[in-house]
Amino acid sequence: MSFSPCPSGPLGCSSIQEQRERWERKRSRTARELVQTEQRYCQQLELVTTYFVEILKAKATLRQDIRESIFSSIKAIHSVNQSLLVHLENGYFGRGFDQFCPHLHHYNMYVDNIYNASKVLRIQLKKNKAFRRFKKLQEARSEFNNHKLEDLLHLPIQRIDQYKHYLQDMTANTTPDNPEFQQLSRAVAAVCEVSQRIQNNTRRHENHLQLCRVQKLLKGRKTKVLAAERWYIREGWLKMVPPKGAEAKPKMFFLFSDMLLQAKRCSPLHPTNGDKFTGQFTYPLQDCTVEKVFGHTRSQGGLLSLTFPKAKLLLMSSNQEDLNDWYQSLSSAVRKLQPKQTVVHQRDELSRRPLRSAANSHNAPSSSSSSNNNPSRKRNMENTEPSEHAQMPAVEWESSAPKRMKQSGASGQSSEVSTSSCVIL
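All chains use their own residue numbering, which begins from 1 and follows the written sequence. Only residues with pLDDT of 70 or above have their local features reported here, since the model is predicted, and side-chain atom pairs are shown and tallied only from 80 upward, although totals for entire chains, interfaces and linings are computed over all residues. In computing side-chain properties, one takes all heavy atoms of the structure into account and sets aside hydrogens as well as water.

1. A closer look at the overall build of the protein
At step 1: Think of it this way: any DSSP run of H or I at least four residues long counts as a helix, any run of E at least two long counts as a strand, and we number them from the N terminus. Check the secondary structure of the protein and you find 16 helices and seven strands.
At step 2: In this scheme, a residue with accessible area under 20% of its type's maximum is buried, one over 50% is exposed, and one in between is partly exposed, where area comes from a 1.4 Å probe on protein chains only. Counting over 425 residues, the protein shows a buried share of 42%.
At step 3: Residue contacts are counted whenever heavy atoms from the two residues lie within 4.5 Å of one another. Sequence separation of 24 or more characterises 64% of the internal contacts of the protein that already satisfy a separation of 6 or more.
At step 4: Accessible surface area values rest on a Shrake-Rupley calculation with a 1.4 Å probe, where residue burial reflects the displayed protein chains alone. In the form shown here, the protein has an accessible surface area of approximately 25300 Å², with 52% of it arising from carbon and sulfur atoms.

Here is the structure:
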């Protein structure tokens, strides 16, 4: 009885060999493309460092701090990538990226500064006539091939995303027993961290632009929208249903991660504020309860009930899809604010349970004394007091809302308190 070296016979060996050859062809194609694009990338980086950074430094057209704000660490990036290119051209991909990744902090610095660089560049082009003329002359060189400085400055950001895809493809088509497999795998993880950093910075920048846009839509400076860690979610018109059956009035609502802003349109006849809004009330979402009010057909839309301490909103929309989107957005925002309190409350409850024993329960004091000795119950009784912020105008509420939210977070108040005051219409 003879045994074949391959368990599945000669045909199995042939299929395995064909699979390895396909992997090798894909890897070679990716490697060739990586080298070619790296060569072009280094050439473009050299254009920026030679014809802008070095010459601007020699001519002193820009101050050093302005020059560093615009070009950041691009010179260091060029130096690092030149070393990487030498390894790639010699076929040492794993070794090349293994030596390249420890220098990714230059990319991190560049990534964190890119939006500030764009802003400073725009300011200098507007105010500095000498720099504006210099930039135009340099871009007219044949080496630039009609590329603008603004486009070249974004190349390191784009290159990180290209590295991620190239390295993932090469790793997927490299066998684990290959000496470069571990090196490429480490490079994928390191480059993905920088790529995630770019995505986070982009999200923060876009959110900042949204907050600035909303701030400009509001008349005056009393209603503050710009705040740290505040995220814009959505905006739109909803009708407010009054408590005594009066006509529902449309209001503009801006939803953020920590509050809901109610505003009304300014008079269209106003010479400067005809297209703006006046902030009326801000409602912190930390103690909010969101509910759908049933009993309306899908064709007629529906109602949302928002319950705050000492305040309640009944909002209506004739668009069922829009109403559902508002409900999901509000519920999600409220949910993200509440778990922190819930966790603290539960841990506090668990930490007190061992102190209560069955033997001591027979000698428990009366209900009046137990309420004084139980900090949890006392805290909940204090939290059920009416809030003074619910009916305040937006201008007065702005100054007091952060303090109230901080106090409620520190006291470990649970979401059950606001829920108990909910009234279903």
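2. Side note on helix H3 (residues 74-89)
At step 1: Helix span is expected to be 1.5 Å times the residue number reduced by one. Look at H3: 22 Å from first C-alpha to last across 16 residues, which is about the 22 Å you get at 1.5 Å a residue.
At step 2: Buried within H3 are the following residues: Ile-74, Ile-77, His-78, Val-80, Asn-81, Leu-84, Leu-85, His-87 and Leu-88.
At step 3: Among the residues trailing H3, Gly-91 stands out with phi positive, at a value near 85°.

3. Notes on the environment of Asn-113
At step 1: Mapped onto the elements, Asn-113 comes out in helix H5 (residues 105-127).
At step 2: Judged by relative accessible area, Asn-113 falls into the buried class, the value being 16%.
At step 3: The spatial distance from the C-alpha of Asn-113 to the C-alpha of Phe-71 is 9.1 Å, given a sequence separation of 42 residues.
At step 4: Setting aside residues no more than four positions away along its own chain, Asn-113 makes contact with Glu-68, Ser-69 and Ser-72.

4. Notes on the packing of aromatic side chains
At step 1: The pairing test for Phe, Tyr and Trp rings, Trp by its six-membered ring, is centres within 6.5 Å, and the orientation test on the planes gives stacked under 30 degrees, edge-to-face over 60, and tilted for anything in between. Counted according to the given criterion, the structure contains 13 aromatic pairs.
At step 2: Each ring, one from Phe-52 and one from Phe-134, has its centre 5.8 Å from the other, and the planes form 90°; the classification is edge-to-face. With a gap of 82 residues between them, Phe-52 in helix H1 (residues 9-59) and Phe-134 in helix H6 (residues 129-139) connect regions that are remote in the sequence. As far as the burial class goes, Phe-52 and Phe-134 line up, both buried.
At step 3: Centre to centre, the rings of Phe-254 and Phe-277 are 6.1 Å apart; their planes meet at 85°, and the pair counts as edge-to-face. Note that Phe-254 is positioned in strand S2 (residues 249-256) and Phe-277 in strand S4 (residues 277-284), a separation of 23 residues in sequence.
At step 4: For Phe-254, a relative accessible area of 0% gives the class buried.

5. Observations concerning the environment of Leu-153
At step 1: Considering the arrangement of structural elements, one finds Leu-153 in helix H7 (residues 149-153).
At step 2: Sequence separation between Leu-153 and Gln-44 is 109 residues; the distance between their C-alpha atoms is 9.7 Å.
At step 3: Not counting residues within four places of it along the chain, the set of residues in contact with Leu-153 comprises Val-48, Ile-70, Phe-71, Ile-74, Tyr-110, Ile-114 and Leu-121.

6. Examining the nonpolar core
The tendency in soluble globular proteins is for nonpolar side chains to be buried as a group.
At step 1: With 51 residues, the main nonpolar core has Phe-71, Phe-97, Tyr-107, Leu-153 and Tyr-163 as its most contacted residues.
At step 2: Residues enter a nonpolar core if they are buried and are Ala, Val, Leu, Ile, Met, Phe, Trp, Tyr or Cys, with the set joined through side-chain atoms within 4.5 Å. Judged by nonpolar contacts, the second largest core, of 19 residues, contains Leu-304, Leu-306, Leu-313 and Trp-326.

7. What to know about the sheet that holds strand S3 (residues 259-265)
Where strands meet in a sheet, backbone hydrogen bonds hold them as pairs that are either parallel or antiparallel.
At step 1: Here seven strands make up an open sheet; going across it, the order is S4-S3-S2-S1-S7-S6-S5 and the pairing antiparallel. Strands with a single pairing partner mark the edges of an open sheet, and in this sheet they are S4 and strand S5 (289-293). Ignoring which end each strand starts from, the neighbouring axes of this sheet average 35° apart.
At step 2: Note on pairing: DSSP must find at least two bridges between two strands before they are called paired. Two strands pair when backbone bridges link them, and strand S1 (residues 232-240) and S2 are joined in this way by eight bridges, in the antiparallel orientation. Looking at S2, one finds that Tyr-232 is bridged to Phe-256.
At step 3: Axis angles are defined between N-to-C directions and span 0 to 180 degrees, where every axis is a line fitted to C-alpha atoms and, for a helix, only to the segment in contact. Strands S1, S2 and S4 of the sheet are contacted by helix H9 (residues 180-217), whose axis makes an angle of about 35° with S1.
At step 4: Across the face of the sheet, helix H10 (residues 320-337) comes into contact with S1, S2, S3, S5, strand S6 (302-308) and strand S7 (311-317) while running at roughly 125° to S1.

8. Focus: the pairing of S4
At step 1: With six of eight residues buried, S4 lies mostly within the body of the structure.
At step 2: Pairing of S3 with S4, which is carried by seven bridges, proceeds in the antiparallel orientation. Across the sheet, residue Gln-262 finds its bridge partner in S4, namely Phe-281.

9. Observations regarding a positive patch on the surface
At step 1: Note on patches: the residues involved have over 30% relative accessible area and no salt bridge, like charges join within 9 Å, and the nonpolar side chains Val, Leu, Ile, Met, Phe, Trp and Tyr join within 5 Å. Each reported salt bridge corresponds to a side-chain nitrogen of Lys or Arg within 4 Å of a carboxyl oxygen of Asp or Glu. For the purpose of charge, His is not counted, nor are the chain termini; Lys and Arg are scored as positive and Asp and Glu as negative. In this description, the location of a charge corresponds to atom NZ of lysine, CZ of arginine, CG of aspartate or CD of glutamate. Taken together, the side chains of Arg-22, Arg-25, Lys-26, Arg-29 and Arg-32 present a region of like positive charge at the surface.
At step 2: Structurally, the position occupied by Arg-22 is in helix H1.
At step 3: Look at Arg-22 and you get partly exposed, because its relative accessible area is 35%.

10. Things to note about the confidence of the model for the protein
At step 1: Here the protein averages 80 in pLDDT, while 75% of its residues score no lower than 70.
At step 2: Here residues 1-5 is a poorly scored stretch, pLDDT under 50, and it has two contacts once near neighbours within four places are set aside; other chains count.
At step 3: Confidence scores labelled pLDDT are given residue by residue by the predictor and lie between 0 and 100. Residue range residues 341-351 is modelled with pLDDT below 50. Its contacts to residues more than four positions away, or to other chains, number 14 contacts.

11. A look at the pattern of salt bridges
At step 1: Applying the stated criterion to the full structure yields 13 salt bridges.
At step 2: Its salt-bridge partner being Glu-180, residue Arg-27 comes within 2.4 Å of it at the nearest N-O pair. One end of the pair, Arg-27, is in helix H1; the other, Glu-180, is in helix H9, with 153 residues separating them in the sequence. The pair formed by Arg-27 and Glu-180 is uniform in burial state, with each residue classed as buried.
At step 3: A salt bridge links Arg-63 to Asp-65; the shortest N-O distance between them is 3.0 Å.
At step 4: Taking the relative accessible area as the measure of exposure, Arg-63 reaches 53% and is therefore exposed.
At step 5: One network of salt bridges, with partners in common, ties together Lys-135, Glu-139, Lys-148 and Glu-150.

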